[in-house]
Amino acid sequence: QVQLVESGGGLVQAGGSLRLSCAASGRTFSNYAMGWFRQAPGKEREFVAAISWRGGSTDYADSVKGRFTISRDNAKNTVYLQMNSLIPEDTAVYYCAASRTYTVPTGQNLYDYWGQGIQVTVSS
């Protein structure tokens, strides 16, 4: 089993930055692709970013390309989401997730474990 705990969320002004962290415990963290999803009030959960087992491949939603960066440190059992140039539309609960997938998964049904989520609020 894999347990995931997000941290680093909060309130920022538009144009600011936040760095989310997701700490994993359990077995074989390095054998899981990792992803970030988000859910805004009244909307469906949507894909944000994903990274492969070894960190060599990444993928991003069009809405965050050029602004967000996903990375991982397998020695620390942690995945990160660096968020720059934040806009109010980025306001959501952000979830990290783990997937036993060979490539970079973008569909939420491909993920096996999920964190509890963390609030990110961007003020205008």
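That block above? That's the structure.
Just so we're clear, the structure is a prediction, and the values are computed from it rather than from any experiment. (Residues numbered from 1 in each chain as written. Predicted model: local features only at pLDDT ≥ 70, side-chain atom pairs only at ≥ 80, totals over all residues. Heavy atoms only, no water.)

Asks: Give me the sheet that holds strand 3 (residues 18–26): which residues, what numbers.
Replies: Sheets are built from strands paired through backbone hydrogen bonds, the pairs being either parallel or antiparallel. Strands sit in the order 1-3-8-7 across an open sheet of four strands; the sheet is antiparallel. The open sheet is flanked by strand 1 (2–7) and strand 7 (68–73), the only strands paired with a single partner. The sheet shows a mean angle of 15° between the axes of neighbouring strands, direction not considered. Of the pairings in the sheet, the one linking strand 3 to strand 8 (residues 78–83) comprises six bridges and is antiparallel in character. Across the sheet, residue Leu20 finds its bridge partner in strand 8, namely Leu81. (Pairing = 2+ DSSP bridges. Helix = DSSP H or I, 4+ residues; strand = E, 2+ residues; numbered from the N terminus. Axes fitted to C-alpha atoms, helices over the stretch in contact; angles between N-to-C directions.)

Asks: Explain the pairing of strand 3 residue by residue, including any values.
Replies: When strand 1 meets strand 3, the two strands line up antiparallel, connected through six bridges. When the sheet's bridge partners are listed, Glu6 is paired in strand 3 with Cys22.

Asks: An account of the nonpolar core is requested, with residue identities and associated values reported.
Replies: Ranked by internal contacts, the top residues of the largest apolar core, which has 37 residues, are Leu4, Trp36, Leu81, Met83 and Tyr94. Among the secondary structure elements, those contributing two or more residues to this core are strand 1, strand 3, strand 4 (33–39), strand 5 (46–51), strand 7, strand 8, strand 9 (92–99) and strand 11 (118–123). (Core = buried A, V, L, I, M, F, W, Y, C linked by side-chain atoms within 4.5 Å. Buried < 20%, exposed > 50% of the residue type's maximum accessible area, 1.4 Å probe, protein only.)

Asks: Could you give me a rundown of the packing of aromatic side chains, with the residues and numbers involved?
Replies: If you walk through the whole model with that rule in mind, you get five aromatic pairs. When the ring of Phe37 is compared with that of Tyr111, the centres are 5.2 Å apart and the planes differ by 85°; the resulting orientation is edge-to-face. Residue Phe37 is located in strand 4, and its partner Tyr111 is located in the loop between strand 9 and strand 10 (113–114); the two are separated by 74 residues in the primary sequence. For the pair shown, Phe37 and Tyr111 are each scored as buried. Centroid distance Tyr111 to Trp114: 5.9 Å. Interplanar angle 55°. Geometry classified as tilted. For Tyr111, a relative accessible area of 6% corresponds to the buried category. What makes Trp114 partly exposed here is its relative accessible area of 24%. Grouping aromatic residues by their ring pairs yields a cluster made of Phe37, Phe47, Tyr111 and Trp114. (Phe/Tyr/Trp six-rings, centres within 6.5 Å; stacked < 30°, edge-to-face > 60°.)

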